[in-house]
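Secondary and tertiary structure notes
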Amino acid sequence: MRILVIGGAGYIGSHTVKELRRAGHEPVVFDNFSAGHPQALGGSEVFVGDLADPGAIRQCLEHWQPEAVIHFAASIFVGESVTAPTKYYRNNTVGSLNLFDALLECGVKRIVFSSTCAVYGEPRFLPLTEEHPLAPASPYGHSKRFVEQMLADFRTAYDLRSVCLRYFNAAGADPEGELGEDHDPETHLIPLVLRGALGAEPLRVFGGDYETPDGTCTRDYIHVQDLARAHVRAVERLAEGWAGEPLNLGCGREYSVRQVIAAAERVTGRAIPYEVHPRRPGDVPRLVADNRRAEDALGWQPQWTDLEEIVGSCWRWMQSHPQGYAD
Ligand code: UDP
């Protein structure tokens with residue numbers, strides 16, 4: 001299939017582009033390069049444009065006539081979304097609506113959407129199932145939840161078939177070393193822990209007094225290649241006639257911040273300095289996915305289930321690319 005990947009130059013998008021090629025599909029990319037990297041495209045064709053510009057996305061769809069779309073493009077910083085919500089509703093919600101309008105106009109009826117476990121808000125039970133109430137705790141989470149709602153309504157009204165993939169904590173890097181995580185600013189735990197091994201300032205651990213076994217927050221870290229494989233399966237299942245539904249993408253196990261630090265120390269063989277700081281506003285103590293629905297619907301299972309291997313893949317990328325894609 002020819003598949004248009006919106007935001008295909010970003011972290012999860014670029015890994016998905018690579019997996020699509022490996023599976024024999026033809027990915028083409030739409031990206032505004034506000035956060036993505038041209039070096040991450042791996043030779044895929046790209047249309048440089050912005051979802052704020054409905055004309056650009058229509059032109060791109062008319063040019064390539066893809067059979068399906070995978071939509072990654074979004075602003076992703078939860079903290080920033082609290083202080084700059086307009087940016088999040090504009091980029092994530094309005095941008096998506098512009099995309100869906102263009103899809104309907106151009107007759108594209110299948111879409112895989114990057115959603116997030118942030119749509120659930122503070123968990124009322126764990127592990128989180130897809131039935132958990134949606135009560136986002138940030139504008140970022142709301143901006144994604146609104147898109148999920150639009151897609152549900154558009155399925156009914158226009159037969160636009162969609163799957164919303166609710167990611168837990170994406171981590172790791174392409175095992176072949178071509179792709180990795182390169183955010184500016186970097187806010188994610190694993191790269192920041194590894195920067196500590198490279199001599200950066202001590203890691204700030206946000207909160208040591210949570211009601212968890214070691215007092216630090218737990219998260220469900222899922223390797224970016226497992227996420228990418230799930231996208232390939234999702235778009236293939238839509239093509240087979242599956243109607244689509246929201247799916248959790250996590251490993252189904254949780255690790256604390258201290259466990260991540262310990263894993264990184266084993267992987268790097270270096271001590272990682274850290275200081276315990278106050279809690280970061282908006283952080284929930286624990287997050288872990290029930291991923292059985294994704295396993296059933298996609299015939300997919302995470303293959304990177306070992307935290308050290310996930311951290312190790314990130315470490316190899318950081319050693320070969322200390323300045324990210326600039327190297
Ligand atoms: N975290 C931390 N120090 C940092 C960055 C993150 O202690 O410099 C913690 C954060 O509080 C959370 C976990 O690491 O419990 C994962 O945070 P991240 O920002 O990677 O992902 P999030 O869960 O917020 O999407």
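We now turn to the structure provided with this report. On a predicted model such as this, the values are computed, not experimentally measured, just so you know. (Residues numbered from 1 in each chain as written. Predicted model: local features only at pLDDT ≥ 70, side-chain atom pairs only at ≥ 80, totals over all residues. Heavy atoms only, no water.)

Quick notes on the pairing of strand E6 (residues 161-167)
Using the following cut-off: Exposure categories follow from relative accessible area, calculated using a 1.4 Å probe and restricted to protein chains: below 20% of the type maximum is buried, above 50% is exposed, and the middle band is partly exposed. Labels follow the DSSP assignment, with helices taken as runs of H or I lasting at least four residues and strands as runs of E lasting at least two, numbered in each case from the N terminus. Two strands qualify as a pair provided DSSP detects at least 2 bridges between them. Convention used here: a crossover is right-handed provided that the path from the first strand, over the helix, to the second strand proceeds clockwise when the strands point away from the viewer.
Among the seven residues that make up E6, seven are buried, leaving the element largely enclosed by the rest of the structure. Here E6 shows two buried faces, one formed by Arg161, Val163, Leu165 and Tyr167 and the other by Ser162, Cys164 and Arg166. Two elements, strand E5 (residues 110-116) and E6, share seven bridges in a ladder whose sense is parallel. Bridged to Ile111 within E6 is Ser162. On the question of chirality, the crossover connecting E5 to the parallel E6 by way of helix H5 (residues 139-158) is right-handed.

As for the site of the ligand
Convention followed: Consider each residue's heavy atoms; a residue with any of them within 4 Å of a molecule or strand counts as near. Nitrogen and oxygen atoms within 3.5 Å of one another constitute a polar contact, given that in protein one can donate a hydrogen and the other can accept it, and given that sequence-neighbouring residues count only through two side-chain atoms. Only the protein chains shown count as covering a residue, and every accessible area follows the Shrake-Rupley method with a 1.4 Å probe. Residues are grouped as follows: Ala, Val, Leu, Ile, Met, Phe, Trp, Tyr, Cys and Pro are nonpolar; Asp, Glu, Lys and Arg are charged; all remaining types, including Gly, are polar.
In the vicinity of the ligand, 15 residues are found, and the nearest of them are Leu189, Arg204, Arg219, Arg280 and Asp283. Taking Thr187, its main chain carries an N or O atom lying 3.3 Å from an oxygen atom of the ligand. Between the ligand and Phe206, the relevant distance is 2.9 Å, taken from an oxygen atom to a main-chain nitrogen or oxygen of the residue. Compared with its free state, where it exposes 510 Å², the ligand has 87% of that area covered by protein. Considering every element that reaches the shell around the ligand, the biggest residue donor is strand E8 (residues 203-206), with four residues. Counted by class, the shell around the ligand contains eight nonpolar, three polar and four charged residues.

By themselves these figures say nothing about function.
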